[in-house]
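Examination of the molecular architecture
The lines below spell out each chain.
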Amino acid sequence: MAFNINNFPAMSVLFFAVLACAGTLLRSPKQVFARSNTAVAFVFALVTGSIAMEFFTRILPPFRPYAFADDWIYALPLKFTSAREWITWAFAQHVDHRIPIQKLSSFLILRAAGFDFRYLVGVNYLMGVGITAMLLYVASAYRGRLRAGDLIIPFAVLNYGVGFSLWGFQFQFVSSAFFMSLFVFLTVRYAQRKKNAYVMSAAIALLAGSLCGMNGLLFSIVFTLAMLVWFAFPQATPRNLPALGAFAVVLVINVVIWRAWTPSAASAVGAFDIRELVRYMYSLIPSSMGVFSFKHISWKFLTVTALLVAALTICLRRLKNHALTLQDFVLAVAVLASFLVMLSVAVGRSKAQGEWNVVLAMHYGFMSVFMPVCSWIIVSKWIPERASSTIGVLLAVVFYVAFVDNANWRYGVVNSSGQQQEEIVKAMQSGTDATTLADTYVKNFTVDSPQNRLDVANGITAFRAAGAPLYGGK
């Protein structure tokens, strides 16, 4: 299989993307016709839909259906006999993260799906589609219309090399981004409608994000502090009190979660090497381009950095001129929060692992997506029309090339791993002893260690006892 012009979903992505560029470039910025806006939005929906159709019809079906690495923790609840055990397990720290939303929802999905882990990857990707839709809405609402450069949103969020499309346990990363996108979306709606229901819902979105691991907690803390500053200054009016109260409650809960955190062995190591930290940031900043960011990093780093600096400069000038709006502010904070999350990853991983590895960009890189996307949204509104159009088309081309590069890489993975995955499934369904399976195919199930092999063997045994046919259960 290959992502090429003979493949209808691939062809339609390019075709609809060209239509979207044409539709946004041919209109005068002063023409804001409802029908025209609706037509362009429909074309953007077709781009997103074509990408998703390709994933769900040609990439997900042959994907690995069995558990991998941390996934084996979902065998533990099968032996629970009390609500207390469920609550303890759900809120217990997993490495560095408290992820009760992920644990509970993923287990319920897996139980209904016979512990076929492709369903978790499918849910992850659906959240990616939701993130795309919300960010496209934000872009349109912020400047009054969609632009050609907004194609970077589906190309970056839904590229086939993104970590959450490769492993169900990446729910913690994509859900963090989902709730942060939901927060931005609801805040933009509040700025439009001035209804407290939107800002209260935005506070709930931040609270949900704080329950999606330490990365979600950091996103939540940054946004919560920013909103408290926004609603408290220059003065707290009676109209702002409900919002202040809601975000104050979220901040208190965030502090409690942070104080309850016990650093893992990886997070508790000593001082970091500043050179390695810089190397990590250099590679993480453009990592929203997926595997395309692994080589020739310099110009990709400069592209994202230039967007980031331009966006923050624009917002600082608007702040100085007392012209900064809530929408400007929230988009700028999204850029900064994404940068800070990448910085926290760089500090933690460079201390624990030392030398940079490109796998880290795939593992953590998706959370950098707010840097190019939100920076572009800001820049595209406030620079001259001709420059905005030119930059937008160039960005769309860059991220389309990145998207195709990720697609070709992913099909290489599909083609090279399918045969062995079928062999493992047949071995499990034939009733081969769980310990033998764990020893024989350990690298396909987890990172090799005696404890991990035991976890795999126990997991296969538990899934079989639960009647999961994929693992040989009756």
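Residues numbered from 1 in each chain as written. Predicted model: local features only at pLDDT ≥ 70, side-chain atom pairs only at ≥ 80, totals over all residues. Heavy atoms only, no water.

Examining unusual backbone geometry
The backbone of lysine 194 sits at a positive phi, close to 60°, despite the residue not being glycine. With respect to the helices, strands and loops of the structure, lysine 194 is situated in the loop between α7 (171-193) and α8 (196-210). Of note in the backbone geometry, histidine 322 takes a positive phi value of approximately 60° without being a glycine. With respect to the helices and strands, the residue histidine 322 is situated in the loop between α12 (297-320) and α13 (326-353). (Helix = DSSP H or I, 4+ residues; strand = E, 2+ residues; numbered from the N terminus.)

Observations concerning the confidence of the model for the chain
Overall, the prediction assigns the chain a mean pLDDT of 88, with 90% of residues at 70 or greater. Low pLDDT, under 50, characterises residues 1-6; the predicted model gives this stretch 19 contacts beyond four residues in sequence or across chains. Segment residues 28-34: pLDDT under 50, and four contacts once partners within four positions in sequence are set aside and those in other chains are kept. (pLDDT = per-residue confidence, 0-100. Contact = heavy atoms within 4.5 Å.)

Let's talk about the nonpolar core
Core analysis: the biggest nonpolar cluster contains 118 residues, and Phe183, Val184, Phe223, Phe247 and Phe366 have the highest contact counts within it. Phenylalanine 247 has contacts with Phe183, Val199, Ala203, Leu206, Thr224, Met227, Leu228 and Phe231, leaving out every residue within four places of it along the chain. Listed in part, the 34 residues of the second largest apolar core include Ile73, Ala75, Phe80 and Leu470. (Core = buried A, V, L, I, M, F, W, Y, C linked by side-chain atoms within 4.5 Å. Buried < 20%, exposed > 50% of the residue type's maximum accessible area, 1.4 Å probe, protein only.)

Let's talk about the pattern of salt bridges
Two side chains that carry opposite charge are able to pair once their charged atoms sit near each other. Scanning the entire structure with this criterion turns up seven salt bridges. The salt bridge partner of glutamate 54 is arginine 58, with a shortest N-O separation of 3.6 Å. Taken together, the positions of glutamate 54 and arginine 58, both in helix α2 (residues 34-59) and four residues apart, correspond to about one turn of that helix. For glutamate 54, a relative accessible area of 0% puts it in the buried group. Arginine 58 gets classed as partly exposed once you look at its relative accessible area, which sits at 24%. One salt bridge in this structure joins arginine 453 and aspartate 439, with 3.1 Å as the shortest N-O distance. In this pair, arginine 453 sits in helix α19 (residues 450-465) while aspartate 439 sits in helix α17 (residues 434-440), placing the two residues 14 residues apart along the sequence. If you follow the salt bridges from partner to partner, you end up with Arg145, Arg147 and Glu385 in one network. (Salt bridge = Lys/Arg side-chain N within 4 Å of Asp/Glu carboxyl O.)

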